[in-house]
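Report on the structure
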Amino acid sequence: MELLKMMSVKQLFEDEKQYIVPIYQRDYAWTHKEAKQLIDDIRDYIDNKDNKERSYYIGSLVVYSKGDNLYEVVDGQQRLTTLTIMLRALKSKGVEIGQSLTELKLTFEHRAQSTNSLKNLGEGDTSIDEIYHILQKANYGDSDEFTIYLLEKVKILLVEIPKDTDLNHYFEIMNTRGEQLEKHEVLKARLMSMLKYDDEEMRTTAHSLFNILWEACADMDSYVMMNIKADIRNVFYGNTGSNVPLDSDFDSMLNQIIENGKQSGANNKITIEKIEKEAVNIAKVIEEFWGDNKNLKGYEIARDAQNNEKPERFKSIIDFQNFLLQALSIYVKFKGKEVKITLDDKQLLQSFEKVENVLETYDDKTSFAKDFIVFLLRVRSLFDIYVLKSDSKDDNDGKYKIQKYDRSNYYYINTFESKSSENEVAETNSDLEMIQSMFHFSHTSNTYNNWLNDTLNYIVEKIVEKRERLTSVEFYDWLWNLAKSYMKDNYLKTDEGYDLSRLDRGCDVKLCIQLL
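Residues numbered from 1 in each chain as written. Predicted model: local features only at pLDDT ≥ 70, side-chain atom pairs only at ≥ 80, totals over all residues. Heavy atoms only, no water.

Some words on the sheet that holds strand E11 (residues 399-401)
The following threshold applies: Whether two strands pair comes down to DSSP finding at least two bridges between them. Secondary structure is summarised from DSSP: a helix means a run of H or I of at least four residues, a strand means a run of E of at least two, and numbering begins at the N terminus for each.
With antiparallel pairing, the 3 strands of this open sheet are ordered in space as E9-E10-E11. Single-partner strands in this sheet number two, and they are strand E9 (314-315) and E11.

Below you can see the structure in the form of structure tokens.
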């Protein structure tokens, strides 16, 4: 069996493998809420005509071979059980489904009642029977269309844990961290698989470097710089005190890390040997086995020993998946690629596939993977400096602050001073915090964060592309103009012009008039 295999639901259930849920796993625990959400998500995807030929990824199934084509389910039993029940429920509604797809392939170790419930669905009163009745009555829209899409286009990533893995250690990590394989972890594996080097040391260190940068950016509730060990931070940010890696590129970082290792000697190498840990989680297994299945290595990012801040001090206004889309949309714009990126994180994998599809050669894909990971670090560094985040230290009590990390003194300070010069009355840091808070809390769903995308575009263009300094006055004026534009175009604009009568509908009239 391949260690990693993306399979359709049809392929998964037509396969001859048998699966067993070990006794240490919890019982089946899905409720009406989770089952309905799965159906609604798939239906929403089908209803978008642009998605009909695209795949929909629902997660991973992690297994360990016990021999004789029997596989222990390490992670993913909830979705595997639900898919088993769903296929039987659809067939009971008269939908044409092949016999092989509804044959029982899943059993529960030392839990005869659960196994019998799957065999005789609807005849008992277990949670499995309850979900079966719910799925029988669920609204699938066009049941035939739903079933065809479910079988052909809904994909699950089947991952086999290598035989030489310390399962006890693996289970300890999984149980402690409760990790599931998320879309951004699959995306990381895909991008890492694009990194091709003929030299083994270069390839190994390149994968390690990519992982360091990705994991540092993924922890949105701390400053990205502080997620990188101090002894290699200068490789990315230089030693001038800069908080933004403006001039770095992937290969120069890679060569510097290798050179540092040679200069420091084998015992002090700042390479994969120094970074890797014994702990292995599924995201890390994927990195190695997507493109190469000879090595099993796990990586963890150690926090800077000089940073005494607790990681839970800060809270980002967006999660990593949304941030990836923010960065990708800015990347394609500045690279001049004619690819439309939606900021809906349900479309994360599909959005990156759009970019892959315009890359003509494998060398182009390699260049994209290297360019994007450095660009991601760059945008994330700017995000940390210029975008507000919740700060719960001391008397802040979760106040939203715009701060940067002072590398020389090891603490956080306001990004902007009260005045940018003696003769210029600048907007204060708190004014910038206030107007960004207005945007953040005025868009409560925060699904797309268009205001943030506009803001990050402006910051990247100003600082990265034009290499200009961003003052508090310029930033505040730009945000204020953006607010006026949003007010006019999103709230007041009609086919006939602007309807000013809307100004008195649940908002401060004076403020709205001022915005105009």
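Some thoughts on helix H19 (residues 450-465)
Because each turn of an α-helix spans 3.6 residues, side chains separated by three or four positions in sequence point in the same direction. How we decide: Here the expected span of a helix is defined as 1.5 Å times the quantity of residues minus one. Residue burial is assigned from relative accessible area. The probe radius is 1.4 Å, only protein chains are included, and a residue is buried under 20% of its type maximum, exposed over 50%, and partly exposed in between. Any two residues whose heavy atoms approach within 4.5 Å at even a single point are treated as in contact.
Under the 1.5 Å per step criterion, the end-to-end length of H19 is 21 Å for 16 residues, consistent within 8% with the ideal 22 Å. Across the 16 residues of H19, 12 count as buried, placing the element largely inside the fold. Listed in full, the buried residues belonging to H19 are Trp451, Leu452, Asn453, Thr455, Leu456, Asn457, Tyr458, Ile459, Val460, Lys462, Ile463 and Val464. Here the buried face of H19 lies against helix H15 (320-334), helix H17 (362-386), helix H18 (429-442) and helix H20 (472-492). Phi turns positive, to about 55°, at Arg467, one or two residues after H19.

Remarks on the nonpolar core
To keep it simple, the criterion reads: Definition of nonpolar core: a set of buried residues of the types Ala, Val, Leu, Ile, Met, Phe, Trp, Tyr and Cys, connected through side-chain atoms within 4.5 Å.
By size, the foremost hydrophobic cluster in this structure holds 99 residues, and its most contacted members are Phe236, Phe250, Phe368, Phe372 and Leu376. At 13 residues, H17 tops the list of elements feeding residues into this core. Apart from residues no more than four positions distant in its own chain, Leu376 is found in contact with Trp214, Cys217, Phe320, Phe323, Leu324 and Ala327. Listed in part, the 47 residues of the second largest apolar core include Phe13, Leu38, Tyr56 and Leu90.

Regarding the packing of H15 against helix H16 (residues 348-357)
Using the following cut-off: For helices, the fitted axis covers only the stretch in contact; all axes are lines through C-alpha atoms, and the angles between them, taken along N-to-C directions, range from 0 to 180 degrees. Angle categories are assigned with fixed cut-offs, so that under 35 degrees is roughly parallel, over 145 is roughly antiparallel, 65 to 115 is roughly perpendicular, and the rest are oblique. What makes a crossing left-handed is the near helix being turned counterclockwise from the far one by less than a right angle; a clockwise turn instead makes it right-handed.
At their nearest, the axes of H15 and H16 sit 10 Å apart, and the two run at 20° to each other. In terms of orientation, H15 and H16 fall into the roughly parallel class. The two elements H15 and H16 cross, and the hand of that crossing is left-handed. Of the residues in H16, those touching H15 at Gln321, Leu324, Leu325, Leu328 and Val332 are Leu348, Ser351, Phe352 and Val355.

Comments concerning the sheet that holds strand E3 (residues 56-67)
Read across the sheet, 6 strands follow the order E1-E6-E3-E4-E2-E5 without closing on themselves; strand pairing throughout is mixed. Each of the sheet's edge strands pairs with one partner strand only, and the pair in question is strand E1 (4-8) and strand E5 (106-108). Averaged over neighbouring strand pairs, the angle between their axes works out to 35° when direction is ignored. Two strands pair when backbone bridges link them, and strand E2 (residues 18-21) and E5 are joined in this way by 3 bridges, in the parallel orientation. When the sheet's bridge partners are listed, Val21 is paired in E5 with Phe108.

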